[in-house]
Structures are given as structure tokens and as C-alpha cells.
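Here is how the chains run, residue by residue.
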Amino acid sequence: WWTDQGTIEEATFVTRPQGIYTAVDMYLTFSSRGTYWVNPSDTLEVTLNFTLPTEAIVYDSWLWIDSIIIKADILDRWTASTIYENIVNRRKDPSILFKDGPGQYQLRIFPMAGNKSRRVKISYLIPAQWTIN
């Protein structure tokens, strides 16, 4: 297995008040631009390690499959990993989001053709800092 630094083609963050929290929708579009893996026959797995505030509550994940948007199930790590690996073996379109520790996350998406891009949405809540002003 080889790894290479891919590209986040687009990152959009949408925030809105949600009670005592701020809801954040994070839209990310990944590609292999800038790597050796740019042929349509190249089958890639996107891996993104990222950090959120430790008090963040991730509650939603979506994956674009062509023009269709699929909502993720929230499952325990073992069940989700088993499903993801079984789908990967069949070369279908899963994504998986792990919480690796306080504020530490890993997103994986498979497959991504070398000449294509993949888009996801991850939604989370963070406590709002409301003041009298």
C-alpha cells in the first residue's frame, strides 16, 4: 500500500444556533489532484484525520454517490468496521467516521477513482458561548 497527500478541493462550513449549542455542517470535497494517482482506473481510499473541540458532538454524516446523497448510520465501532470492510471488499461506496479519542476523528471513504472527487457532510454541535451582548 502506498499513501500520498490528496487535496481538499472545497471546504464549506455552515453554522447556525441550535439551542445552547452551535450546529456546524462541514462539507468537504476530496480529490487526488497533485498526486501520481490520477487515472480513472486508480482506486483510492480517502483517509482524513482531524480534530474537533473535545466537547463537540458529532451527530450526522452524509456521502455523495454521484448525484445521490446517502445518510450514514451511527453504529458502534466494531459493527461499523465490519460493515465497511465487507462493502470495501465488494468495491461499493461506503464511508466511515471513527472517534479515536477526545476530539480526534478519522474519516475514510472508498472508492475514489483517481480522476474523480468525493464529497461528504459531517454535522456536529459545539456549546455556544452566549453573552448578554
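Caption draft 1: Region of interest: the packing of aromatic side chains. The tally for this structure, following the rule as stated, stands at three aromatic pairs. A centroid spacing of 5.1 Å and a plane angle of 85 degrees characterise the contact between tyrosine 36 and tryptophan 37, whose relative ring orientation is edge-to-face. For tyrosine 36, a relative accessible area of 63% corresponds to the exposed category. Among the residues examined, tryptophan 37 registers a relative accessible area of 21% and is labelled partly exposed. Judged by centre distance (5.5 Å) and plane angle (20 degrees), the ring pair of phenylalanine 50 and tyrosine 105 falls under stacked. Placement of phenylalanine 50 in strand β3 (residues 43-51) and of tyrosine 105 in strand β7 (residues 104-113) is noted, with a sequence separation of 55 residues between them. We note that phenylalanine 50, like tyrosine 105, is buried.

Caption draft 2: Here's a closer look at the sheet that holds strand β2 (residues 21-31). Pairing within the open sheet is antiparallel, and its five strands lie in the order β1-β2-β8-β4-β5. Among the strands making up the open sheet, the edge pair consists of β1 (7-18) and β5 (68-71). For this sheet the average axis-to-axis angle between neighbouring strands, irrespective of direction, equals 20 degrees. Bridging between β2 and strand β8 (residues 117-127) involves eleven bridges; their strand directions are antiparallel. Within β8, the position partnered with phenylalanine 30 by the bridge is arginine 118.

Procedures and definitions
- Residues numbered from 1 in each chain as written.
- Predicted model: local features only at pLDDT ≥ 70, side-chain atom pairs only at ≥ 80, totals over all residues.
- Heavy atoms only, no water.
- Phe/Tyr/Trp six-rings, centres within 6.5 Å; stacked < 30°, edge-to-face > 60°.
- Buried < 20%, exposed > 50% of the residue type's maximum accessible area, 1.4 Å probe, protein only.
- Helix = DSSP H or I, 4+ residues; strand = E, 2+ residues; numbered from the N terminus.
- Pairing = 2+ DSSP bridges.
- Axes fitted to C-alpha atoms, helices over the stretch in contact; angles between N-to-C directions.

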